[in-house]
Each structure stands twice: as C-alpha cells, then as structure tokens.
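# Coordinate analysis (summary)
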Amino acid sequence: MYEYACPECGVKFEKLRRMSEADSPARCACCGAENASRVLSTFAAGGCGPGRNFG
Ligand SMILES: [Zn+2]
C-alpha cells in the first residue's frame, strides 16, 4: 500500500499499486483528480464524505 495526497481536494488515501507505479500520479479516491502525488508521512484519516467509502 502506498499513500497519496490529492492537491485538488486535500484528502489523503491509500492505494495498492505495483512498486514500479508507486511514484506515478494516482487517481484521487475522493474527487477523481488524476494528479494525486505519493506521500511518505503516516496515514492520517481525513474527511472525504461520510463513511469514507473508498474503493
Ligand atoms: Zn481529490
């Protein structure tokens, strides 16, 4: 699992990706932006609507 932060809505989310893809931009699980970038900080549960029904 890798962690990403979305520059559009600010949410952080986890995503399971291949190591070779880890540093590529990810799709935001919240707003769908394609340019979420990988972050190395510990995962902090953020708000993205009730329930956080990601993936
Ligand atoms: Zn987003």
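Please read these numbers as outputs of a predicted model, since none were measured by experiment. (Residues numbered from 1 in each chain as written. Predicted model: local features only at pLDDT ≥ 70, side-chain atom pairs only at ≥ 80, totals over all residues. Heavy atoms only, no water.)

The side-chain alternation of strand β1 (residues 2-5) yields two buried faces, one formed by Y2 and Y4 and the other by E3 and A5. Where β1 meets strand β2 (residues 12-15), four bridges bridge the pair, whose relative direction is antiparallel. Within β2, the residue paired with Y4 across the bridge is F13. Hairpin connection from β1 to β2: six residues lie between these consecutive antiparallel strands, with G10 at a positive phi of about 85°. As paired elements, β1 and strand β3 (residues 37-39) share three bridges and run antiparallel to each other. Bridge pairing in β3 places Y4 opposite R38. (Buried < 20%, exposed > 50% of the residue type's maximum accessible area, 1.4 Å probe, protein only. Helix = DSSP H or I, 4+ residues; strand = E, 2+ residues; numbered from the N terminus. Pairing = 2+ DSSP bridges.)

In this section: the sheet that holds β2. Strand order in the open sheet made by the three strands is β2-β1-β3, with antiparallel pairing throughout. Only two strands of the sheet have a single neighbouring strand rather than two, namely β2 and β3. This sheet shows a mean twist of 45° between the axes of neighbouring strands, independent of strand direction. (Axes fitted to C-alpha atoms, helices over the stretch in contact; angles between N-to-C directions.)

With that out of the way, let us pick up the coordination of the zinc ion. In the first shell of the zinc ion, the protein supplies C6 (SG), C9 (SG), C28 (SG) and C31 (SG), at 2.3 Å from the metal. Around the zinc ion sit four donor atoms, and with donor-metal-donor angles ranging over 104 to 116° the site reads as tetrahedral. Sequence spacing among the residues donating to the zinc ion works out to C-x2-C-x18-C-x2-C. Taken together, the positions of C9 in the loop between β1 and β2 and C28 in the loop between β2 and β3 put the pair 19 residues apart, joining distant regions of the chain. When its relative accessible area of 37% is taken as the criterion, C9 is described as partly exposed. (Donors = N, O, S within 2.8 Å, 3.2 Å for Na, K, Ca; no water. Tetrahedral: all angles 85-135°; square planar, octahedral: opposite > 155°, others 65-115°.)

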